[in-house]
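Each chain is listed here by its residues.
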Amino acid sequence: MATYLYRLGRLAFRRRRLVAALWLALLLAGGLGAATLSGPTSNAFSIPGTESSRALEVIEDKLGSSGDVATARVVFTATPEAGAQGLDAAGPKTAIGAAVAQLQEAPQVAAVTDPFAGGTVSQDGRTAYATVTFSVGAGDVTHEAKDALFAAGDAAKAAGLEVEYGGDATQETSHSGATEVMGVLVAAVVLAITFGSLVAAGLPLLTAILGVGLGLAGVQVATGFFDLSSSTSALALMLGLAVGIDYALFILTRYRSELARGVDGEEAAGRAVGTAGSAVVFAGLTVVIALGALFVVGIPFLTAMGLAAAATVAVAVVIALTLLPAVLGFAGGRVLPKRARAKHESGHVPFGERWGRAVVKARVPVLGLAVAGLAVVALPVTDLRMALPDDSTAAPESTQRKAYDQLSQGFGAGFNGPLVLVVEAPAGQAVAAAQQAKAGLAQLEDVVAVTDPAGNQADDTALMTLVPGSGPSSEATQGLVQDIRDRAAALTGSADAELMVTGTTALNIDVSQKLNDALVPYLAVVVGLAFLLLMLVFRSILVPLKATLGFLLSVAATFGAVVAVFQWGWLAGLFGIETTGPIVSLMPILLIGILFGLAMDYEVFLVAGMHEAYAHGARPDDAVVAGMRNGSRVVTAAALIMISVFFGFILADDAIIKSLGFAFAAGVAIDAFVVRMTIVPAVLSLLGDKAWWLPRGLDRVLPNVDVEGAKLTRQLADRPDRELVGA
């Protein structure tokens, strides 16, 4: 593979104008497709085959209601400033009536429920809400319709009422432009310090931004044909930007070292792509496989997110192998400052070598301290609770959070998460079975109210709404859902009737449970994959074992940090986190997949140098130090770039993006600096020659991947001025 990549690098350098033109044409085509073919995204989570999803299918089939239309709640509250009068006083009641009339005239609105006619006024008479049903889905609600919704409600504020808004129709797509700029700026500073050249620093940023642009255009085109989560683009942007910069950094570093040795530009590009590019292919492949493996979880929206992010990573790899050498041809020798050669020849001992020698010298205490520290950080993971976000996790100053709090205060915490109960029975029996179930449901713990059943014309399907006493994401509500499902047959009193629980809260519970159940199997798949790939790369049993155990340490410590900050609230103010609660259910799965890929990146780029030095006869400790000297600077810069890009997303408004940004940043910091840069050299030093042992039989069976490009290096040494042939 290295030889073919060598040829590809030289070809791209030589035909740089054609390569650049082709990539620009692809970018323009992607932008045109995104502008004309894109569709709406969704915040809804569902899993085909679960009880909650099947119940929705019954509702759509038997009652003709798909549940896909957007809804909003306009919450009116009598504030202390309005005096002692409640909402039924003349002034407030007139203002609410005028607001309802105005809402009925708003664009895309199909129906509006008046609080006084619909009985949606709290017992104390100080909180009420109007339900607004739209004629389109949440992703299709226009800005004009939302503006009209807010304007109609705001008209009631003149009567001294507080007006807030909730529901999926009020949600805005999270815009994180400031976070992206921050990440890119920090990455630019790190690159400038690493390379000592503004031109060299700008090239990885340029190619990464082009790759992300093409990847995001592809995601937008896909929204026109598939149902994608609103978080898909943010995940693709976050990961594509980080790996795009890192992969270009690895190749550019090797290119500059070849130039410093006096190799001409085209040959240097070929050698850089052939050697560092081979590692980039492997590194990108691990991330793509880890993200693609999300299909084993069995959740369509998560699979779509993983595939979209994997496609963006794949684009980043191809750009690093083709567009980057082409751009290097335009840059010429400006990527290498004049002082670089002098520094190279000055005998300067890099920090990586000094750190490596220190770790090797004190390997036992360093290893013990690092492992103990990660174990302490991982302790909070024992209290990990997961759920999907709702309005209770929104920012306290947001209208959605205020509406949620006011409804909870006026009607009870469970009002924000009602359960929809579906009874399916033979024709003529559904309402009777539902009526019997209602009597039993009212006796269950944490049940506030159950509505009378409403059946269809054939009386084979009936609906009821149950209001729990606890909030949607509380453990009590989750227990209530499970209790109802366990007693379903007894509640209806008929073997022919089926009682199912659905609604937003039940759907979220099912998704969270599915994710929880899939966590261990997915982790096993990823760990097994890591072991196999690293065994192929390093021809060793203990090196991949050490790498996978280190990965598990990184995951545990990262989960612990996330729980401490987002669930317990430690240092929450420092990170701008205003609301704590359960961890977003899909975060652990995504973290395992992405952190695995990044951890293997650092493992390969760092340990490959150690393996190469050992293969050339260096003693085990000297090989460890050599690997640290050659790889630590690049790994450090790559990790800092990753951390800065991910950390910038903590400023996003979306709870999912905020937690993912923190988790990825913390995970990279822990894995790169504690596991790869500290634990790895300490363990390899302790193992000595045994680290590189592989049974002879296994050595004969396993293919030689040659990620380090050793064969290419030998060919170049033997025939430096002639064209290579064969792989």
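Higher on the page you've got the structure.
We now turn to the structure provided with this report. All figures in this text were calculated on a predicted structure; none of them were measured in a lab.

## Some words on the sheet that holds strand 3 (residues 127–134)
Then, in step 1: Spatial strand order, 2-3-1-4: 4 strands in an open sheet with antiparallel pairing. Across the chains shown, the open sheet's two edge strands, defined by having one partner strand only, are strand 2 (109–113) and strand 4 (161–166). Geometrically, the sheet is characterised by an average inter-axis angle of 20° between neighbouring strands, direction not taken into account.
Then, in step 2: Two elements, strand 1 (residues 71–78) and strand 4, share 6 bridges in a ladder whose sense is antiparallel. In the sheet register, V74 faces strand 4, and the bridge partner there is Y165.

## Considerations on the environment of L26
Then, in step 1: Position of L26 among the secondary structure elements: in helix 2 (residues 16–37).
Then, in step 2: Sequence separation between L26 and L214 is 188 residues, and the spatial gap between their C-alpha atoms is 7.5 Å.

## A short note on the side chain of S632
Then, in step 1: Secondary-structure assignment places S632 in helix 22 (residues 620–648).
Then, in step 2: Taking relative accessible area as the criterion, S632 reaches 3% and is therefore assigned buried.
Then, in step 3: Within the structure, S632 has its side chain in polar contact with the backbone oxygen of M628 (distance 2.5 Å).
Then, in step 4: Among all residues touching S632, those that are not within four sequence positions of it are G352, L606, G627 and M677.

## Brief notes about empty space enclosed by the protein
Then, in step 1: By the definition in use, this model includes 1 cavity of 30 Å³ or more.
Then, in step 2: Approximately 40 Å³ is the volume attributed to the largest cavity.
Then, in step 3: Every residue lining the largest cavity is listed: T207, A208, G211, G244, A248, A316, I319 and A320.
Then, in step 4: Of all elements in the fold, only helix 8 (198–223), helix 9 (232–260) and helix 11 (300–331) reach the threshold of two or more residues within the lining of the largest cavity.
Then, in step 5: Grouping the constituent residues of the lining of the largest cavity by class yields 5 nonpolar, 3 polar and no charged.

## Things to note about the environment of F226
Then, in step 1: When you line up the elements, F226 lands in the loop between helix 8 and helix 9.
Then, in step 2: C-alpha separation for the pair F226 and G119, spaced 107 residues apart in sequence, amounts to 39 Å.

## So, helix 4 (residues 90–104)
Think of an α-helix as turning once every 3.6 residues; residues three or four places apart then point the same way.
Then, in step 1: The end-to-end C-alpha distance of helix 4, which contains 15 residues, comes to 21 Å, matching closely the 21 Å that a straight helix rising 1.5 Å per residue would cover.
Then, in step 2: Every buried residue of helix 4 is accounted for by P92, A95, I96, A99, V100 and L103. Each buried residue of helix 4 sits inside an arc of 140° when the element is viewed along its axis, so together they form one side. In helix 4, those exposed residues whose orientation departs by more than 90 degrees from the buried face are A90 and T94.

## Here we look at the packing of aromatic side chains
By convention here, two paired aromatic rings are described through the distance between centres and the angle between planes.
Then, in step 1: Across all of its chains, the model carries 11 aromatic pairs by this definition.
Then, in step 2: Centroid distance Y129 to F411: 5.6 Å. Interplanar angle 80°. Geometry classified as edge-to-face. Here Y129, found in strand 3, pairs with F411, found in helix 15 (residues 399–411); they are 282 residues apart in sequence, far enough to count as distant.
Then, in step 3: The buried category is assigned to Y129, whose relative accessible area is 9%.

## Things to note about the nonpolar core
Then, in step 1: Of all hydrophobic cores here, the largest spans 151 residues; its most connected members are Y247, Y255, L302 and F646.
Then, in step 2: Looking at this core element by element, the count peaks at 19 residues for helix 21 (residues 586–615).
Then, in step 3: If we ignore the near neighbours within four places in the chain, the residues touching Y247 are V280, A283, G284, V287, V313, A316, V317, A320 and D601.
Then, in step 4: L87, A95, V132 and A169 belong to the second largest nonpolar core, which has 27 residues in total.

## Some remarks on the pattern of salt bridges
Then, in step 1: Enumeration over the complete set of coordinates arrives at 25 salt bridges.
Then, in step 2: Notably, a salt bridge pairs E258 with R261, separated by 3.2 Å at the nearest N-O pair.
Then, in step 3: A relative accessible area of 1% places E258 in the buried class.
Then, in step 4: The partner of E353 in a salt bridge is R357, with the nearest N and O atoms 3.1 Å apart. One end of the pair is E353 and the other is R357, both in helix 13 (residues 351–361) and 4 residues apart, which spans about a single turn.
Then, in step 5: Classification of E353 as buried rests on a relative accessible area of 11%.
Then, in step 6: Classification of R357 by relative accessible area gives partly exposed; the value is 46%.

## Concerning a nonpolar patch on the surface
Then, in step 1: Together, W568, W570, L571 and L574 line one region of the surface with nonpolar side chains, adding up to about 500 Å² of accessible area.
Then, in step 2: Tracing the backbone shows L571 in the loop between helix 20 (542–567) and strand 11 (583–584).
Then, in step 3: Of the residues examined, L571 reaches a relative accessible area of 56% and is grouped as exposed.

Reading guide: rules and limits
Residues numbered from 1 in each chain as written. Predicted model: local features only at pLDDT ≥ 70, side-chain atom pairs only at ≥ 80, totals over all residues. Heavy atoms only, no water. Pairing = 2+ DSSP bridges. Helix = DSSP H or I, 4+ residues; strand = E, 2+ residues; numbered from the N terminus. Axes fitted to C-alpha atoms, helices over the stretch in contact; angles between N-to-C directions. Buried < 20%, exposed > 50% of the residue type's maximum accessible area, 1.4 Å probe, protein only. Polar contact = N/O pair within 3.5 Å; in protein donor to acceptor, adjacent residues only side chain to side chain. Contact = heavy atoms within 4.5 Å. 1 Å grid on protein atoms, 1.4 Å probe; cavity = no way out; pocket = protein on both sides within 12 Å on 5 of 7 lines; lining within 4 Å. Points joined across faces, edges and corners; volume = space filled by probe spheres on them. Nonpolar A, V, L, I, M, F, W, Y, C, P; charged D, E, K, R; others polar. Expected span 1.5 Å × (residues − 1). Arc of directions from axis to C-beta. Phe/Tyr/Trp six-rings, centres within 6.5 Å; stacked < 30°, edge-to-face > 60°. Core = buried A, V, L, I, M, F, W, Y, C linked by side-chain atoms within 4.5 Å. Salt bridge = Lys/Arg side-chain N within 4 Å of Asp/Glu carboxyl O. Patch = residues over 30% accessible without salt bridge, like charges linked within 9 Å, V, L, I, M, F, W, Y side chains within 5 Å. Areas by Shrake-Rupley, 256 points an atom, 1.4 Å probe, with all protein chains shown as cover.

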